[in-house]
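# Architecture at a glance
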Amino acid sequence: MLAANLTRTPAEAEEKLRAGVQDFISLGRPLLADPEWAGKAKRGEEATISRCISCLWCFESMLKGGFTGTSGLCAVNPCTCREYIVPEALPGEKDGKTVVIIGAGPAGLSAAEVLARRGFRTVVFEKEKTVGGQLVLGKAPPNKERLAWCYEDLAYRAKKNGAEIRCNTTATIPLIKSLNPYAVILASGAAPVIPKSIEGASGDNVYIVDEILNGSIKLNGKHIAVIGSGMTGLETAELLCEQGNEVTVVEMAQTIAPGIYHQHTDDIIPKLKCYGTRFFSGCCLTKIEKDSITLKQKEDTIKTIPVDFVVLSLGVKSRNEMEQELKKTFERVYTIGDAKEIGRIAGAVHSGYKAASEIQ
Ligand code: SF4
């Protein structure tokens, strides 16, 4: 029997063969993420494989491409279907010029991997204690642990190529200057949007998704309203359900999960319904009190829902306060990833690759 069976790593493949689950391994998406998968497995270089994180961007981009005449893409491999930009084709750096990267999320790490491979002295400053940026939170909901592979693999290869990643280090202008960089890449990611206009939004019973996803706030047996039904809101709702809470999802748009690729919603909405999650779309949150929220619906109908806590998932905004100062101080400054434009994993990884390719 030949089966793909969601095999992502050589270790998983060996285990399935050993257990007699199947006779042969076939690979689909893992080869988009890393066409060298089989060769690396054979040579014992598993650690350098770029693992497929099951994000479905290849399907989504392929469908979009059907309308625009472009090909499907892979989130973790910027060269998929664009093999003309493979890093081997990029010019090497002989003088060991220094590039400083601010932020070790997927964008910064993607840039670091390519620059180090090209021969630049590559130094990454990360203010948090670990690499990963927003993906550290993104991997927290149920069944999302594979997202960690994106930054783990990028960090592994960046370091292997010679990049230096300094965690717990806030990048300041004097610190960056001390390295006399040829170029600086700002990959400082995004910060959550916290609307001040909603009455009660700064109350003690209001949290942002980050606090739930990073585990600093743990709730159990409560009725919680998650405000915002993007993927982060829905996945946080699922985590809260799994932790034993009763969840209500509120969305301002007319439909739940507006603009989300259908395969994602087809997966998560039924699970949330199984938990008994209630959904209110076309509703604007107007007030948060200590035991309820007030929603304004179409035609100004007012609805009050009793809740214990509110979790805001209202999107993120670029975190790029350093950009102007960097541009005043250094000759070559590139802003990438969410720091430039809020996007998905693919956007971050690809923009890091692009910036690292363009530095001459
Ligand atoms: S886009 Fe995502 S799901 Fe598709 S091959 Fe790449 S990592 Fe895997």
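Small disclaimer: the values here were computed from a predicted structure and weren't measured. (Residues numbered from 1 in each chain as written. Predicted model: local features only at pLDDT ≥ 70, side-chain atom pairs only at ≥ 80, totals over all residues. Heavy atoms only, no water.)

A count of helical and extended segments in the protein gives 13 helices and 17 strands. The C-alpha atoms of the protein give a radius of gyration of 22 Å, which matches the 21 Å a tight globule of 360 residues would have. Counting the 360 residues in the protein, one finds 50% classified as buried. Pairs at least 24 residues apart make up 66% of the contacts formed inside the protein by residues separated by at least 6 positions. (Helix = DSSP H or I, 4+ residues; strand = E, 2+ residues; numbered from the N terminus. Rg over C-alpha atoms; globule rule 2.2 N^0.38 Å. Buried < 20%, exposed > 50% of the residue type's maximum accessible area, 1.4 Å probe, protein only. Contact = heavy atoms within 4.5 Å.)

With that settled, the discussion passes to the sheet that holds strand S4 (residues 121–125). Here 5 strands make up an open sheet; going across it, the order is S5-S4-S3-S6-S17 and the pairing parallel. Each of the sheet's edge strands pairs with one partner strand only, and the pair in question is strand S5 (164–166) and strand S17 (333–335). In this sheet, adjacent strand axes meet at a mean angle of 15° when their direction is disregarded. Two strands pair when backbone bridges link them, and strand S3 (residues 98–102) and strand S6 (residues 183–186) are joined in this way by 4 bridges, in the parallel orientation. (Pairing = 2+ DSSP bridges. Axes fitted to C-alpha atoms, helices over the stretch in contact; angles between N-to-C directions.)

As a further point, take the sheet that holds strand S13 (residues 292–296). Spatially, 3 strands are ordered S12-S13-S14 in an open sheet, and the strand pairing comes out antiparallel. Strand pairing shows two members of the sheet lacking a second neighbour, strand S12 (284–289) and strand S14 (302–306), which therefore form its edges. The average angle at which neighbouring strand axes cross in this sheet is 25°, direction not considered. When S13 meets S14, the two strands line up antiparallel, connected through 5 bridges. Looking at the pairing, Leu295 lines up with Lys303 of S14.

As a further point, take the site of the ligand. Close contacts around the ligand come from 13 residues, with Cys52, Cys55, Leu56, Cys58 and Cys74 the closest. Of all the secondary-structure elements, those providing two or more residues to the shell around the ligand are helix H2 (29–33) and helix H4 (57–68). Of the residues contributing to the shell around the ligand, the split by class is 11 nonpolar, 1 polar and 1 charged. (Near = heavy atom within 4 Å. Nonpolar A, V, L, I, M, F, W, Y, C, P; charged D, E, K, R; others polar.)

Core analysis: the largest hydrophobic core is formed by 48 residues, its most contacted members being Ile101, Leu115 and Ile185. For this core, the elements supplying multiple residues, two or more each, are S3, helix H5 (106–118), helix H7 (147–160), S6 and helix H13 (345–358). Ranked by residue count, the leading element in this core is H7, at 8 residues. Ignoring any residue separated from it by four or fewer positions in sequence, one finds Leu115 in contact with Val99, Ile101, Phe120, Thr122, Ile185, Ala356 and Ile359. (Core = buried A, V, L, I, M, F, W, Y, C linked by side-chain atoms within 4.5 Å.)

What follows is about the domain arrangement of the protein. On domain assignment, one finds that the protein holds domain 1 (2–48), domain 2 (90–191 + 317–358) and domain 3 (194–314). Here the C-alpha centre of domain 3 lies 39 Å away from the C-alpha centre of domain 1. (Domains from an automatic or database assignment.)

What follows covers the environment of Phe125. Mapped onto the elements of the fold, Phe125 is located in strand S4. Classification of Phe125 as buried rests on a relative accessible area of 1%. Sequence separation of Phe125 and Ala187 is 62 residues, and the distance between their C-alpha atoms is 9.8 Å. Setting aside anything within four residues of it in sequence, one finds Phe125 in contact with Val100, Ile101, Ile102, Gly103, Ala104, Arg166, Thr169, Ala171, Leu175, Ile176 and Leu179.

Moving on: the packing of H5 against H13. With their axes 7 Å apart at the nearest point, H5 and H13 run at an angle of 35° to one another. The two elements H5 and H13 meet at a crossing, and its hand is right-handed. Of the residues in H13, those touching H5 at Pro106, Ala107, Ser110, Ala111, Val114, Leu115 and Arg118 are Ala348, Val349, Ser351, Gly352, Tyr353, Ala356 and Ser357. (Left-handed = near helix turned anticlockwise from the far one by under 90°.)

Non-glycine residue Asn5 carries a positive phi angle of around 55°. Take Asn5: it is sitting in the loop between strand S1 (2–3) and helix H1 (10–18). You will see that Asn143, though not glycine, has its phi angle at about 65°, which is positive. Structurally, Asn143 is set in the loop between helix H6 (134–138) and H7. Classification of Asn143 by relative accessible area gives exposed; the value is 56%.

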